[in-house]
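So you can see what is in the structure, the chains are spelled out below.
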Amino acid sequence: MTELELAGQVVELVRRLGGPAAQAEAVVTRADLALTRFANSGIHQNVSESTVGVRLRVHVDGRTAAGGGSVVTADGLSALVERTLTAARLCPPDQGWPGLTAPVPMPQAPPVDEATAQAEPDQRADRVGAFVAAAGGLSTAGYCRTAHRSSAFANSAGHSAYGRSVEAAMDGIARRDGADGVARRSADRLSDLDGAELGAQAAAKAQAAADPVELPPGHYEVVFEPAAVADLLQNLSFYGFNGKRYNERQSFAEPGAAQFDRAVTVVDDPLGGSGLPFDAEGTGRGALTLVEAGTTRAVAHDRRTAAEAGTESTGHAVAGGATWGPMPRNLRLSGAAAGPASAAGRSTTGAAAGAVVDADTAALVAGVRRGLLVTDLWYTRVLDPRSLVVTGLTRNGVWLIEDGTVVRAVRDLRFTESYPRALGPGAVLGLGARAVRQPDRVDGAWWAAPSLRLASWHFTGGASG
Amino acid sequence: MTEFDAATAAVQAALDAGARYADARVMHRRYESMTARNGDVEELTQDESIGLGVRALVGASWGFHAVPDLSDAAARDAGRRATRTAMASARVPGPPVDLVPVEAVTASWASGCQIDPLGVPLSDKGDLLVDATRTMAEHGADLAEGLYQIWDTAKWFVSSEGHRIDQRIRECGGGISATSIGDGETQRRSWPSYRGQYGTTGWELVESLDLAAHAAQIAEESRALLTAPQCPAGETDLILGGEQLALQIHESVGHAIELDRILGWEAAFAGTSWLDLAQLGSLRYGSELMNITIDPTIPGALGSFGFDDEGSPAVKRDAVRDGRWVGVLAGRDSAAMASLDYGGSVRADGWARLPMVRMTNVGLEPGPHTLEEIIAATDDGVLMDLNRSWSIDDKRLNFQFGCEVGWEIKKGRRGRMLRNPTYTGIGPLFWRSMDMLSGETVSWGTPNCGKGQPGQIGHTGHPAAPARFRNVRVGVSA
């Protein structure tokens, strides 16, 4: 039975067991997920799963409940429907029920790369092998993963939709004497991931990160590479552009206000890569401009938060969204127009050669009189959601920049900084031209960003305290 | 076909395909959660998941495959695919893999449970959260939230060495939090901790929390925090409440003693550890008051079980004794690689995930003091409690925590409430500064420990009590 047939069967069961007035929406997803993980330059964990899952939400007699399951036999589906209906009837009335999505045409999703969808463990292992070999004898660790999802939606309002998505990602480090260098990519095709290229990049950065010195805490100008910028986007998304948090006044976002530097444009673009064309409520997904030339334009909504805010869903419903809220998960920070990259040569000299791996970053570094080049951020946690003050650490390489040149490696630093303030008007001194897609911890989410130069970042502690 | 039959078929198929060792876990998990906000039920979810995961060892390489189908054909196919994946792993081989011996037993185990949490009427559970959140809203909270979660997991484990173990573990818990929103910042107070307290128990745990009785107070405190003085910046004596100390243990001890991290297996993601195996048995981790145990046998604690997911029986061990590092959290393969003779701390987050080294119950043995004695003995300091933010580096050394609330301590007395309290430090230096420890121990449950790729969520327990630390840097802000 297809996913669409299963979803339709679940909706029909709700109608039969819950009566004609019962409202239902069902999502059925089959997934083939595989991840080949390596450490100490050998594959040590290699996993795959072929799963199926059903998500059901019902609204009956003014009350709402949700359920899920992995059993798609007739008995299993009946049990899911019965227990979800029973749960709904025991709930208090749901005053905020936003109703179901009416039948509407779905947007066209990008085609799925069948080779990635059917990828074998040997193909992932060979990319790992290439990464390890390209690291030139340095110890390496990381993963190569592929994901394929086939998903269908149906509701009792007569709406249905079907789509597929794939993703391939590779993330690895090379290590030299405790100094790590990283390379990380997300793509729509496994064939677009070059293990050797990534391994060489990680190794070059690890070599350049050797013998770091400790710097005192303070405010530093910074150049963030795409991996670090991805963390900014992720936290802005989850805590700022989240319609539930916005409705609760826990978000910094003020649509219409010039909250960011004019260089900042952020778009959620779920179909800019391989993605499902609909969300958990069957609303079509598409590009949503969150920040345009520094002015906040929108936050993400599902049907419930949109109804509360007096607007329409932006197609960001997720399972469990009533608790966590709708979150954009495919953000792209637009790069600047392509500029001269002639500074690439002089920004990476001497012991720090290899710290800068692309012309974009080199051009940004060239403009810094004194600051830090930061590859990656780690373990970032929010101290206050409304001001979005975050603490975390640098990781996988930090270097001191003096007079436009990377001069030496620096030990990791802890920071405590308000992300919107650091990106505020006048705070962005440069953006690279090319956004590099970074994988999330789960497939289907990604963060595309160029390198970014900021006027100030508050480092509140060094590696030794 | 029984669950044991499915697991046995998967293991046999893996062996037939060329594995030298295989094990399989069938898991059936029912999950229920409810959230409430400002006097209304916000979301009710009930999930049920059944499936099988099989792990195969070929030479020095592992493979794993999981399916949601317990038919004989599906189980055998999963076993073959696990072996095929292990063979692919051999294209980039690691060092030789051995497994420390574990007696192959046939056994059953179940966690204690007085009141079946899934048997409590939904209306009763909903009323509990609705009433508590309504009370918080009436007492000044802009955002009054309540939550409970229930997991009821049955497992069947079979290995090619002859293990045949079934377990049933029921876990539940809950909590409430009140958030007040001011100009440019929010303040939150929770009970008994943000997103709740959890254990391997029945609904009696949630009843014992008496959420309704604390609703008004935390709402009023969250409102008062908006105008409380900022926690001052500087070095001072720090008293931590038990809930915050539990997370301090989790982050700066529990993860640091995970053997897979020490061996570099998590280097690219979760990170490594500052600990060096060559110093096991000799390294001074903390003061002599510091006695940390790894104990999955504590009745009702969230990290308790009868057997881990490799079939090793639950055994209590020392991790830190009189301040000295003496033990690790290990699995059968990592222990063999480190020339240790015990595993016992390997678990998987569901049937679709590979078992890996996880914390069980990692916590402090009780100290000789009480919180009131600690406060009375402190001339100038800050008391902080209930975690609000947590961050630590990839070697588990440099940490910074934020708490929901602080109190000024002056001349042995608790004074003004302080907002935005934070503290930061380096793990071993911090633990060596602990000079007073209470005996008022609670086994705090952490149901959201993230680790691994693909990501896994672990449930861990942390016995902890209030303690004092000297000369700690506090009041870090943006």
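Calculation rules
- Residues numbered from 1 in each chain as written.
- Chains lettered and ligands numbered in written order.
- Predicted model: local features only at pLDDT ≥ 70, side-chain atom pairs only at ≥ 80, totals over all residues.
- Helix = DSSP H or I, 4+ residues; strand = E, 2+ residues; numbered from the N terminus.
- Rg over C-alpha atoms; globule rule 2.2 N^0.38 Å.
- Buried ≥ 20, exposed ≤ 12 C-beta atoms within 10 Å, placed from the backbone.
- Pairing = 2+ DSSP bridges.
- Domains from an automatic or database assignment.
- Contact = placed C-beta atoms within 7 Å.
- Expected span 1.5 Å × (residues − 1).
- Nonpolar A, V, L, I, M, F, W, Y, C, P; charged D, E, K, R; others polar.
- Axes fitted to C-alpha atoms, helices over the stretch in contact; angles between N-to-C directions.
- pLDDT = per-residue confidence, 0-100.
- Core = buried A, V, L, I, M, F, W, Y, C linked by C-beta atoms within 7 Å.

**Side note on the overall build of chain B**
A count of helical and extended segments in chain B gives 10 helices and 23 strands. Against the 2.2 N^0.38 benchmark of 23 Å for 478 residues, chain B shows a C-alpha radius of gyration of 23 Å, consistent with a compact globule. Overall, chain B is about 70 × 55 × 40 Å in size when its C-alpha atoms are taken along their principal axes. Out of the 478 residues belonging to chain B, those deemed buried represent 64%.

**Observations concerning the pairing of strand E1 (residues 21-37) of chain B**
Residue and element names in this part refer to chain B. With 12 of its 17 residues buried, E1 lies for the most part within the structure. Relative to strand E2 (residues 40-58), E1 is paired through 17 bridges, and the arrangement is antiparallel. Within E2, the residue paired with Asp-23 across the bridge is Arg-55. Here E1 hands over to E2 after 2 residues, with Asn-38 in that stretch at a positive phi of 50°.

**A closer look at the domain arrangement of chain A**
Often, the extent of an interface is quoted as the loss of accessible area upon association of its parts. Residue and element names in this part refer to chain A. Its domain assignment divides chain A into domain 1 (3-206), domain 2 (209-232 + 335-462) and domain 3 (238-333). Spacing between the C-alpha centres of domain 2 and domain 3 amounts to 25 Å. Taken together, the contact pairs 25 residues of domain 2 with 19 residues of domain 3. Taken together, the elements giving at least two residues each to the side of domain 2 that touches domain 3 come down to strand E16 (428-431) and strand E18 (446-449). Sorting elements by how many residues they give to the side of domain 2 that touches domain 3 places E18 first, with 4 residues.

**So, helix H2 (residues 72-89) of chain B**
The end-to-end C-alpha distance of H2(B), which contains 18 residues, comes to 26 Å, matching closely the 26 Å that a straight helix rising 1.5 Å per residue would cover. Burial runs high along H2(B): 13 of the 18 residues are buried.

**Digging into the domain arrangement of chain B**
Residues and elements named next belong to chain B. Each assigned domain of chain B is listed with its residue range as follows: domain 1 (3-225) and domain 2 (234-474). One C-alpha centre belongs to domain 1, the other to domain 2; they are set 21 Å apart. Along the lines of polarity and charge, the residues of the side of domain 1 that touches domain 2 split into 20 nonpolar, 17 polar and 9 charged.

**Describing the sheet that holds strand E12 (residues 324-325) of chain B**
Hydrogen bonds between backbone groups are what pair the strands of a sheet, and the pairing can be parallel or antiparallel. Residues and elements named next belong to chain B. Here we have 4 strands laid out as an open sheet, ordered E12-E11-E10-E15, and antiparallel in their pairing. Two strands bound the open sheet, and with one partner strand each, they are E12 and strand E15 (362-364). Two elements, strand E11 (residues 317-321) and E12, share 2 bridges in a ladder whose sense is antiparallel. Bridging from a neighbouring strand, Val-320 pairs with Trp-325 of E12. Strands in contact with helix H6 (residues 242-254) are strand E10 (292-294), E11 and E15; relative to E15, the strand with the most contacts, it is inclined by about 115°.

**So, H6(B)**
Compared with the 18 Å implied by 1.5 Å per residue over 13 residues, the 16 Å span of H6(B) between its first and last C-alpha is markedly short. Across the 13 residues of H6(B), 13 count as buried, placing the element largely inside the fold.

**With respect to the interface of chain A and chain B**
Across the boundary between the two partners, chain A contributes 79 residues, which contact 66 residues of chain B. The greatest single-element share of the side of chain A that touches chain B, amounting to 11 residues, is contributed by strand E2 (residues 42-60) of chain A. Here the residues of the side of chain A that touches chain B sort into 31 nonpolar, 31 polar and 17 charged. Of the pairings in the sheet, the one linking strand E3 (residues 63-69) of chain A to E2(B) comprises 4 bridges and is parallel in character. Residue pairing in the sheet places A:Ala66 in a bridge with B:Thr45 of E2(B).

**Regarding unusual backbone geometry**
That bond from B:Trp191 to B:Pro192 is cis: its omega, -10°, falls within 30 degrees of zero. Within the secondary structure, B:Pro192 sits in the loop between strand E7 (186-191) and strand E8 (197-199). A positive phi is found at A:Asp211, a non-glycine position, where the angle reads about 55°. Structurally, A:Asp211 can be placed in the loop between helix H5 (195-208) and strand E7 (218-224). A:Asp211 sits in the exposed class, given 10 other C-beta atoms within 10 Å. Although it is not a glycine, B:Arg195 adopts a positive phi angle of roughly 65°.

**Digging into the sheet that holds strand E10 (residues 295-296) of chain A**
All names here are of chain A. Read across the sheet, 6 strands follow the order E10-E9-E8-E11-E18-E17 without closing on themselves; strand pairing throughout is mixed. Of all the strands in the sheet, just E10 and strand E17 (436-439) have a single pairing partner and so form its edges. When E17 meets E18, the two strands line up antiparallel, connected through 4 bridges. Note on E18: the bridge partner recorded for Val-436 is Ala-449. Of the strands in this sheet, strand E11 (330-333), E17 and E18 are in contact with helix H6 (residues 226-240), which crosses E18 at around 125°.

**A word on the confidence of the model for chain B**
Of all residues in chain B, 100% attain a pLDDT of 70 or more, and the chain-wide mean is 97. As scored by the predictor, the complex reaches a pTM of 0.97 and an ipTM of 0.96.

**Topic: the nonpolar core**
Within soluble globular proteins, side chains that are nonpolar generally end up buried alongside one another. Counting residues in each nonpolar core, the largest one holds 229 residues, and the members touching the most others are A:Leu373, A:Trp399, B:Ala10 and B:Leu52. For A:Trp399, the contacting residues outside a window of four places in its chain are A:Ala352, A:Ala355, A:Leu372, A:Leu373, A:Val406, A:Arg408, A:Ala409 and A:Val410. Ranked by size, the runner-up nonpolar core spans 68 residues in total, among them A:Leu13, B:Ala141, B:Ala178 and B:Leu205.

**Some details on the environment of A:Ala130**
Residue and element names in this part refer to chain A. Inspection of the secondary structure puts Ala-130 in helix H4 (residues 121-134). The spacing of Ala-130 and Asp-194 is 64 residues in sequence and 8.0 Å in space, taken between C-alpha atoms. Contacts of Ala-130, omitting those with residues within four sequence positions, involve Gly-195, Ala-196 and Gly-199.

**Quick word on the pairing of E2(B)**
Residue and element names in this part refer to chain B. Counting buried positions along E2 yields 17 of 19 residues, so the element is predominantly enclosed. Both E2 and strand E3 (residues 61-67) contribute to a ladder of 7 bridges, which runs antiparallel. Opposite Ala-56, over in E3, you have Gly-63 as the bridge partner. Taking the residues between adjacent antiparallel strands as the criterion, E2 and E3 are bridged by 2 residues, where Gly-59 takes a positive phi near 60°.

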